[in-house]
Amino acid sequence: MRVLITGGAGYIGSHVVKALGEKGYEVLTIDNLSKGHEEAVLYGEVKRIDLSDRESIRDVLRAFKPEAVMHFAAFIEVRESVLYPLKYYKNNTVNSLILLEEMIYAGINRFIFSSTAAVYGNPVSVPISESESIKPINPYGQSKAFVERILEDFSKSYGLRYVSLRYFNAAGAEPEGKIGESHNPETHLIPLVLKTAKGEIEHIKIFGTDYETPDGTCIRDYIHVDDLSKAHILALEYLLSGGKSNVFNCGYGHGYSVREIIDTAKKVTGVDFPVVESERRPGDPAILVADSSKLKKTLGWIPEFDDIEYIIRTAWNWELNKRF
Ligand code: UFG
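Residues numbered from 1 in each chain as written. Predicted model: local features only at pLDDT ≥ 70, side-chain atom pairs only at ≥ 80, totals over all residues. Heavy atoms only, no water.

So, the packing of helix α6 (residues 189-198) against helix α10 (residues 308-321)
So, step 1. Relative orientation of the contacting elements α6 and α10 amounts to 55 degrees, with a least axis distance of 10 Å. Relative to α10, the element α6 lies oblique. In this structure, α6 crosses over α10, and the sense of that crossing is right-handed. Here α6 contributes Ile190, Pro191, Leu194, Lys195, Ala197 and Lys198 to the contact with α10, which in turn contributes Ile311, Ile312, Ala315, Trp316, Glu319 and Leu320.
So, step 2. Grouping the amino acids of the contact of α6 with α10 by side-chain chemistry returns 9 nonpolar, no polar and 3 charged. (Axes fitted to C-alpha atoms, helices over the stretch in contact; angles between N-to-C directions. Helix = DSSP H or I, 4+ residues; strand = E, 2+ residues; numbered from the N terminus. Parallel < 35°, antiparallel > 145°, perpendicular 65-115°, else oblique. Left-handed = near helix turned anticlockwise from the far one by under 90°. Contact = heavy atoms within 4.5 Å. Nonpolar A, V, L, I, M, F, W, Y, C, P; charged D, E, K, R; others polar.)

As C-alpha coordinates, then:
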(Lines give C-alpha, C1' and ligand atoms only; values in the text may rest on other atoms or scores of the structure.)
Protein backbone atom coordinates (compact mmCIF):
# COMPACT_ATOMS: atom_id res chain seq x y z
CA MET A 1 0.00 0.00 0.00
CA ARG A 2 1.58 3.27 -1.14
CA VAL A 3 1.06 6.61 0.61
CA LEU A 4 2.38 9.94 -0.64
CA ILE A 5 3.20 12.37 2.15
CA THR A 6 3.62 16.09 1.58
CA GLY A 7 5.59 17.76 4.35
CA GLY A 8 6.89 14.42 5.60
CA ALA A 9 10.09 16.12 6.78
CA GLY A 10 8.18 18.34 9.21
CA TYR A 11 7.30 17.73 12.85
CA ILE A 12 3.95 15.93 12.57
CA GLY A 13 4.59 14.57 9.07
CA SER A 14 7.81 12.84 10.13
CA HIS A 15 6.08 11.13 13.06
CA VAL A 16 3.35 9.89 10.74
CA VAL A 17 5.94 8.66 8.20
CA LYS A 18 7.53 6.67 11.03
CA ALA A 19 4.18 5.20 12.11
CA LEU A 20 3.30 4.27 8.51
CA GLY A 21 6.75 2.78 7.89
CA GLU A 22 6.50 0.65 11.03
CA LYS A 23 3.14 -0.64 9.81
CA GLY A 24 4.64 -1.69 6.48
CA TYR A 25 3.20 1.03 4.26
CA GLU A 26 5.37 2.17 1.36
CA VAL A 27 5.84 5.91 1.82
CA LEU A 28 7.23 8.66 -0.37
CA THR A 29 7.79 12.13 1.06
CA ILE A 30 7.67 15.27 -1.00
CA ASP A 31 8.90 18.35 0.84
CA ASN A 32 10.51 21.59 -0.28
CA LEU A 33 12.68 21.40 2.86
CA SER A 34 12.11 25.10 3.57
CA LYS A 35 11.13 24.18 7.13
CA GLY A 36 11.48 20.41 7.27
CA HIS A 37 14.57 18.28 7.91
CA GLU A 38 15.53 15.48 5.55
CA GLU A 39 17.04 13.51 8.47
CA ALA A 40 13.59 13.42 10.09
CA VAL A 41 12.26 11.09 7.41
CA LEU A 42 12.94 7.61 8.75
CA TYR A 43 11.15 5.61 6.04
CA GLY A 44 11.05 5.89 2.26
CA GLU A 45 12.53 8.36 -0.14
CA VAL A 46 12.40 12.16 0.09
CA LYS A 47 11.90 14.18 -3.06
CA ARG A 48 12.63 17.89 -2.82
CA ILE A 49 9.58 19.34 -4.53
CA ASP A 50 7.62 22.50 -3.93
CA LEU A 51 3.86 22.09 -4.16
CA SER A 52 3.64 25.04 -6.54
CA ASP A 53 5.60 22.92 -9.05
CA ARG A 54 2.62 21.33 -10.76
CA GLU A 55 4.64 19.33 -13.32
CA SER A 56 6.71 17.63 -10.64
CA ILE A 57 3.59 16.85 -8.61
CA ARG A 58 2.01 15.34 -11.70
CA ASP A 59 5.12 13.23 -12.42
CA VAL A 60 5.33 11.95 -8.84
CA LEU A 61 1.65 11.02 -8.66
CA ARG A 62 1.84 9.14 -11.95
CA ALA A 63 5.08 7.35 -11.16
CA PHE A 64 4.38 6.44 -7.52
CA LYS A 65 0.64 5.77 -7.93
CA PRO A 66 -0.27 6.22 -4.27
CA GLU A 67 -3.45 4.71 -2.88
CA ALA A 68 -3.76 7.81 -0.71
CA VAL A 69 -2.18 11.22 -0.14
CA MET A 70 -1.55 12.77 3.26
CA HIS A 71 -1.05 16.51 3.07
CA PHE A 72 0.97 18.08 5.90
CA ALA A 73 3.01 20.68 4.00
CA ALA A 74 1.97 24.14 5.16
CA PHE A 75 3.07 27.25 6.98
CA ILE A 76 1.82 27.23 10.58
CA GLU A 77 2.55 30.52 12.32
CA VAL A 78 -0.48 32.57 13.22
CA ARG A 79 1.44 35.80 13.80
CA GLU A 80 3.31 35.51 10.50
CA SER A 81 0.03 34.83 8.70
CA VAL A 82 -1.33 38.17 9.89
CA LEU A 83 1.77 39.98 8.60
CA TYR A 84 2.01 38.07 5.31
CA PRO A 85 -1.41 36.63 4.42
CA LEU A 86 -0.47 36.18 0.78
CA LYS A 87 2.25 33.72 1.79
CA TYR A 88 -0.37 31.64 3.64
CA TYR A 89 -3.07 31.71 0.99
CA LYS A 90 -0.51 30.76 -1.67
CA ASN A 91 1.26 27.96 0.15
CA ASN A 92 -1.60 26.58 2.22
CA THR A 93 -4.60 27.17 -0.04
CA VAL A 94 -3.47 27.56 -3.66
CA ASN A 95 -0.85 24.81 -3.43
CA SER A 96 -3.38 22.44 -1.85
CA LEU A 97 -5.63 23.15 -4.81
CA ILE A 98 -2.82 22.27 -7.23
CA LEU A 99 -2.23 19.00 -5.41
CA LEU A 100 -5.94 18.14 -5.38
CA GLU A 101 -6.36 19.01 -9.03
CA GLU A 102 -3.44 16.79 -10.01
CA MET A 103 -4.80 13.99 -7.82
CA ILE A 104 -8.13 14.17 -9.63
CA TYR A 105 -6.39 14.04 -13.04
CA ALA A 106 -4.35 11.06 -11.87
CA GLY A 107 -7.43 9.26 -10.50
CA ILE A 108 -6.22 9.26 -6.88
CA ASN A 109 -9.17 9.81 -4.61
CA ARG A 110 -8.17 9.34 -0.96
CA PHE A 111 -6.89 12.37 0.90
CA ILE A 112 -5.98 13.09 4.50
CA PHE A 113 -5.70 16.75 5.36
CA SER A 114 -3.87 18.46 8.22
CA SER A 115 -6.39 20.96 9.45
CA THR A 116 -6.35 22.92 12.67
CA ALA A 117 -8.37 24.08 15.65
CA ALA A 118 -7.63 27.56 14.29
CA VAL A 119 -10.55 27.09 11.85
CA TYR A 120 -12.92 27.66 14.81
CA GLY A 121 -11.56 31.09 15.77
CA ASN A 122 -13.06 32.02 19.13
CA PRO A 123 -15.38 29.08 19.74
CA VAL A 124 -18.80 29.66 21.27
CA SER A 125 -18.79 26.44 23.27
CA VAL A 126 -15.93 24.48 24.81
CA PRO A 127 -15.07 21.58 24.48
CA ILE A 128 -15.32 22.23 20.76
CA SER A 129 -17.20 19.75 18.63
CA GLU A 130 -16.92 19.46 14.85
CA SER A 131 -20.31 21.15 14.46
CA GLU A 132 -18.97 24.40 15.95
CA SER A 133 -19.06 27.10 13.26
CA ILE A 134 -16.00 27.73 11.14
CA LYS A 135 -14.99 31.31 11.90
CA PRO A 136 -11.22 31.66 11.71
CA ILE A 137 -9.80 34.86 13.12
CA ASN A 138 -6.49 34.87 11.29
CA PRO A 139 -5.22 34.09 7.76
CA TYR A 140 -3.58 30.85 8.93
CA GLY A 141 -6.91 29.40 10.09
CA GLN A 142 -8.68 30.84 7.05
CA SER A 143 -6.12 29.33 4.65
CA LYS A 144 -6.96 25.88 6.09
CA ALA A 145 -10.71 26.55 6.25
CA PHE A 146 -10.68 27.37 2.52
CA VAL A 147 -9.15 23.97 1.81
CA GLU A 148 -11.79 22.26 3.94
CA ARG A 149 -14.46 24.01 1.87
CA ILE A 150 -12.78 22.96 -1.38
CA LEU A 151 -12.62 19.38 -0.10
CA GLU A 152 -16.34 19.38 0.66
CA ASP A 153 -17.17 20.48 -2.88
CA PHE A 154 -14.65 18.16 -4.55
CA SER A 155 -15.98 15.28 -2.53
CA LYS A 156 -19.48 15.93 -3.86
CA SER A 157 -18.47 16.46 -7.48
CA TYR A 158 -15.32 14.45 -8.17
CA GLY A 159 -15.67 11.37 -5.98
CA LEU A 160 -12.77 12.43 -3.78
CA ARG A 161 -12.96 10.94 -0.28
CA TYR A 162 -11.13 12.81 2.44
CA VAL A 163 -10.58 12.99 6.16
CA SER A 164 -9.78 16.36 7.59
CA LEU A 165 -8.06 16.17 10.97
CA ARG A 166 -8.37 19.34 13.02
CA TYR A 167 -5.31 19.30 15.26
CA PHE A 168 -5.30 20.96 18.65
CA ASN A 169 -1.83 21.43 20.18
CA ALA A 170 0.48 18.69 18.93
CA ALA A 171 3.33 18.18 21.41
CA GLY A 172 5.99 15.74 22.58
CA ALA A 173 8.21 13.45 20.54
CA GLU A 174 8.56 9.77 19.83
CA PRO A 175 10.19 8.24 22.92
CA GLU A 176 13.41 6.92 21.36
CA GLY A 177 14.59 10.46 20.64
CA LYS A 178 15.10 9.91 16.90
CA ILE A 179 12.80 12.71 15.81
CA GLY A 180 11.01 15.63 17.44
CA GLU A 181 9.89 19.21 17.11
CA SER A 182 12.40 21.54 15.48
CA HIS A 183 10.96 24.76 14.15
CA ASN A 184 12.96 27.81 13.17
CA PRO A 185 11.99 30.18 14.61
CA GLU A 186 10.34 28.26 17.45
CA THR A 187 7.12 29.84 18.66
CA HIS A 188 5.39 26.97 20.48
CA LEU A 189 5.12 26.93 24.24
CA ILE A 190 6.54 23.52 25.21
CA PRO A 191 9.76 23.65 23.13
CA LEU A 192 10.35 27.25 24.26
CA VAL A 193 9.85 26.31 27.91
CA LEU A 194 12.33 23.44 27.49
CA LYS A 195 14.88 25.67 25.75
CA THR A 196 14.61 27.93 28.79
CA ALA A 197 15.21 24.95 31.10
CA LYS A 198 18.24 24.09 28.98
CA GLY A 199 19.57 27.63 29.33
CA GLU A 200 19.31 28.47 25.63
CA ILE A 201 16.72 31.16 26.38
CA GLU A 202 16.98 33.56 29.32
CA HIS A 203 13.35 33.32 30.46
CA ILE A 204 9.98 32.09 29.29
CA LYS A 205 7.31 34.73 28.81
CA ILE A 206 3.72 34.02 29.78
CA PHE A 207 1.57 35.76 27.18
CA GLY A 208 -1.29 37.10 29.29
CA THR A 209 -2.24 36.42 32.90
CA ASP A 210 -5.69 38.06 32.86
CA TYR A 211 -7.68 35.51 30.86
CA GLU A 212 -10.93 34.14 32.23
CA THR A 213 -9.39 30.86 33.29
CA PRO A 214 -8.69 29.56 36.81
CA ASP A 215 -5.08 30.84 36.88
CA GLY A 216 -5.51 33.64 34.32
CA THR A 217 -3.39 31.97 31.60
CA CYS A 218 -4.55 30.32 28.36
CA ILE A 219 -5.63 26.70 28.32
CA ARG A 220 -4.76 24.36 25.46
CA ASP A 221 -5.42 20.70 24.67
CA TYR A 222 -1.92 19.21 24.22
CA ILE A 223 -2.01 15.95 22.26
CA HIS A 224 1.03 13.69 22.03
CA VAL A 225 2.28 13.53 18.45
CA ASP A 226 2.22 9.70 18.48
CA ASP A 227 -1.48 9.68 19.39
CA LEU A 228 -2.00 12.19 16.59
CA SER A 229 -0.08 9.88 14.23
CA LYS A 230 -2.38 7.06 15.22
CA ALA A 231 -5.38 9.15 14.22
CA HIS A 232 -3.82 9.44 10.73
CA ILE A 233 -3.33 5.69 10.42
CA LEU A 234 -6.94 5.10 11.49
CA ALA A 235 -8.16 7.76 9.04
CA LEU A 236 -6.22 6.03 6.27
CA GLU A 237 -7.64 2.61 7.15
CA TYR A 238 -11.10 4.18 7.27
CA LEU A 239 -10.75 5.59 3.74
CA LEU A 240 -9.21 2.37 2.43
CA SER A 241 -12.18 0.40 3.74
CA GLY A 242 -14.65 2.73 1.99
CA GLY A 243 -15.37 5.31 4.71
CA LYS A 244 -17.07 8.52 3.55
CA SER A 245 -15.55 11.99 3.73
CA ASN A 246 -15.37 13.19 7.29
CA VAL A 247 -13.89 15.72 9.69
CA PHE A 248 -12.47 14.98 13.15
CA ASN A 249 -11.10 16.99 16.03
CA CYS A 250 -7.84 15.66 17.42
CA GLY A 251 -7.25 16.37 21.10
CA TYR A 252 -7.75 14.73 24.48
CA GLY A 253 -10.78 16.70 25.62
CA HIS A 254 -9.08 18.50 28.49
CA GLY A 255 -6.43 21.14 28.68
CA TYR A 256 -3.59 22.67 30.67
CA SER A 257 -2.87 26.30 31.36
CA VAL A 258 0.42 27.96 30.44
CA ARG A 259 1.34 28.02 34.15
CA GLU A 260 0.56 24.30 34.49
CA ILE A 261 2.83 23.55 31.53
CA ILE A 262 5.63 25.60 33.07
CA ASP A 263 5.22 23.92 36.48
CA THR A 264 5.20 20.44 34.91
CA ALA A 265 8.29 21.31 32.86
CA LYS A 266 10.10 22.45 36.04
CA LYS A 267 9.22 19.14 37.66
CA VAL A 268 10.24 17.00 34.65
CA THR A 269 13.52 18.83 34.00
CA GLY A 270 14.43 19.53 37.62
CA VAL A 271 15.34 23.10 36.61
CA ASP A 272 13.76 26.16 38.26
CA PHE A 273 14.06 28.45 35.21
CA PRO A 274 13.00 32.13 35.13
CA VAL A 275 9.43 33.02 34.12
CA VAL A 276 8.27 36.51 33.12
CA GLU A 277 4.64 37.60 33.01
CA SER A 278 3.98 39.51 29.83
CA GLU A 279 1.24 41.04 27.65
CA ARG A 280 -1.34 38.95 25.83
CA ARG A 281 -0.32 37.70 22.39
CA PRO A 282 -2.88 39.02 19.88
CA GLY A 283 -5.25 36.41 18.49
CA ASP A 284 -4.98 33.88 21.35
CA PRO A 285 -8.36 32.46 22.43
CA ALA A 286 -8.54 31.83 26.22
CA ILE A 287 -9.42 28.14 25.98
CA LEU A 288 -9.12 25.64 23.14
CA VAL A 289 -10.16 22.13 24.12
CA ALA A 290 -11.40 19.47 21.72
CA ASP A 291 -14.45 17.32 21.98
CA SER A 292 -12.87 14.27 20.35
CA SER A 293 -15.73 11.84 20.92
CA LYS A 294 -16.35 11.59 17.16
CA LEU A 295 -12.76 10.48 16.52
CA LYS A 296 -13.08 7.84 19.23
CA LYS A 297 -16.48 6.62 18.12
CA THR A 298 -16.06 6.64 14.33
CA LEU A 299 -12.40 5.71 13.95
CA GLY A 300 -11.95 3.76 17.19
CA TRP A 301 -9.16 6.07 18.33
CA ILE A 302 -7.90 5.20 21.82
CA PRO A 303 -5.41 7.71 23.20
CA GLU A 304 -2.34 6.11 24.78
CA PHE A 305 -0.25 9.07 25.91
CA ASP A 306 -2.73 11.38 27.59
CA ASP A 307 -0.26 12.33 30.30
CA ILE A 308 1.26 15.80 30.31
CA GLU A 309 4.37 14.64 32.19
CA TYR A 310 5.00 11.98 29.53
CA ILE A 311 4.46 14.54 26.76
CA ILE A 312 6.94 16.95 28.31
CA ARG A 313 9.41 14.16 29.17
CA THR A 314 9.54 12.97 25.53
CA ALA A 315 9.93 16.57 24.34
CA TRP A 316 12.73 17.09 26.89
CA ASN A 317 14.47 13.90 25.79
CA TRP A 318 14.41 15.23 22.22
CA GLU A 319 15.50 18.74 23.24
CA LEU A 320 18.56 17.31 25.02
CA ASN A 321 19.56 14.94 22.22
CA LYS A 322 18.25 16.58 19.09
CA ARG A 323 19.94 15.79 15.78
CA PHE A 324 18.47 18.68 13.78
N1 UFG B 1 2.62 30.95 25.00
C2 UFG B 1 3.25 31.68 26.00
N3 UFG B 1 4.56 31.94 25.84
C4 UFG B 1 5.28 31.56 24.75
C5 UFG B 1 4.62 30.81 23.73
C6 UFG B 1 3.29 30.53 23.90
O7 UFG B 1 2.64 32.06 26.99
O8 UFG B 1 6.49 31.88 24.67
C9 UFG B 1 1.20 30.62 25.18
C10 UFG B 1 0.34 31.11 24.05
O11 UFG B 1 -0.05 32.46 24.27
C12 UFG B 1 -0.81 30.13 24.10
C13 UFG B 1 -0.17 28.83 24.59
O14 UFG B 1 1.06 29.22 25.17
O15 UFG B 1 -1.75 30.56 25.05
C16 UFG B 1 0.11 27.86 23.47
O17 UFG B 1 0.78 28.53 22.44
P18 UFG B 1 1.46 27.81 21.21
O19 UFG B 1 2.10 28.87 20.37
O20 UFG B 1 2.31 26.69 21.68
O21 UFG B 1 0.22 27.15 20.46
P22 UFG B 1 -1.11 27.83 19.90
O23 UFG B 1 -2.22 27.34 20.77
O24 UFG B 1 -0.98 29.27 19.72
O25 UFG B 1 -1.12 27.23 18.44
C26 UFG B 1 -1.53 25.94 18.13
C27 UFG B 1 -0.88 25.49 16.83
C28 UFG B 1 -1.27 26.41 15.71
C29 UFG B 1 -2.77 26.45 15.64
C30 UFG B 1 -3.38 26.80 16.98
C31 UFG B 1 -4.86 26.70 16.97
O32 UFG B 1 0.50 25.49 16.97
O33 UFG B 1 -0.75 25.92 14.52
O34 UFG B 1 -2.91 25.93 17.97
O35 UFG B 1 -5.36 27.81 17.63
F36 UFG B 1 -3.17 27.38 14.77
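Here we look at the sheet that holds strand β5 (residues 110-116)
So, step 1. One open sheet accounts for 7 strands, arranged β3-β2-β1-β4-β5-β6-β11; its pairing is parallel. Two strands close off the open sheet at either side, each with one partner strand: β3 (45-48) and β11 (246-250). Direction aside, neighbouring strands of the sheet carry axes that sit 20 degrees apart on average.
So, step 2. Of the strand pairs in this sheet, strand β2 (residues 26-31) and β3 are connected by 4 bridges, and their pairing is parallel. In the strand pairing of β3, threonine 29 is matched with valine 46.
So, step 3. Running over the sheet, helix α2 (residues 54-64) touches β1 (2-6), β2, β3 and β4 (68-71) and is turned about 175 degrees from β2.
So, step 4. Relative to strand β6 (residues 161-167), helix α7 (residues 225-240) is tilted by about 165 degrees, and along the sheet it contacts β1, β4, β5, β6 and β11. (Pairing = 2+ DSSP bridges.)

What to know about the pairing of strand β8 (residues 204-207)
So, step 1. Taking every second residue as pointing to the same face, the buried face of β8 carries Ile204 and Ile206, while none of Lys205 and Phe207 on the other face is buried.
So, step 2. Two elements, β8 and strand β13 (residues 275-278), share 4 bridges in a ladder whose sense is parallel. The partner of isoleucine 204 across the bridge, within β13, is valine 275. (Buried < 20%, exposed > 50% of the residue type's maximum accessible area, 1.4 Å probe, protein only.)

Examining unusual backbone geometry
So, step 1. The residue after valine 126, namely proline 127, is reached through a cis peptide bond having omega -5 degrees.
So, step 2. Mapping proline 127 onto the fold places it in the loop between β5 and α5 (139-158).
So, step 3. Between asparagine 184 and proline 185 the backbone carries a cis peptide bond, its omega angle lying at 0 degrees.
So, step 4. Note on placement: proline 185 falls in the loop between β7 (169-171) and α6.
So, step 5. In this structure, leucine 33 is a non-glycine residue whose phi angle is positive, near 60 degrees.
So, step 6. Tracing the backbone through its elements, the reader meets leucine 33 in the loop between β2 and β3.
So, step 7. Using a relative accessible area of 16% as the deciding quantity, one classes leucine 33 as buried.
So, step 8. Located in the positive-phi region is lysine 65, a residue other than glycine, with phi close to 50 degrees.

Quick notes on the pairing of β2
So, step 1. The buried fraction of β2 amounts to 5 of the 6 residues, a majority that puts the element mostly inside the structure.
So, step 2. When β1 meets β2, the two strands line up parallel, connected through 5 bridges. Across the sheet, the residue bridging to leucine 4 is leucine 28, located in β2.
So, step 3. The parallel pair β1 and β2, bridged by helix α1 (residues 11-22), forms a crossover whose chirality is right-handed. (Right-handed = clockwise from strand over helix to strand, strands pointing away.)

Re the packing of aromatic side chains
So, step 1. Across all of its chains, the model carries 9 aromatic pairs by this definition.
So, step 2. Between the aromatic rings of tyrosine 238 and phenylalanine 248, the centroid separation amounts to 6.3 Å while the plane-to-plane angle is 85 degrees, which identifies the pairing as edge-to-face. Of this pair, tyrosine 238 sits in helix α7 while phenylalanine 248 is found in strand β11, placing the two residues 10 residues apart along the sequence.
So, step 3. The buried category is assigned to phenylalanine 248, whose relative accessible area is 0%.
So, step 4. One aromatic cluster in this structure is built from Phe75, Tyr88 and Tyr140.
So, step 5. Residue placement shows lysine 87 over the ring face of phenylalanine 75; its charged tip is 4.7 Å from the ring centre.
So, step 6. Its end group placed over the ring of phenylalanine 273, lysine 266 keeps NZ or CZ at 5.3 Å from the ring centre. (Phe/Tyr/Trp six-rings, centres within 6.5 Å; stacked < 30°, edge-to-face > 60°. Lys NZ or Arg CZ within 6 Å of the ring centre and 35° of its normal.)

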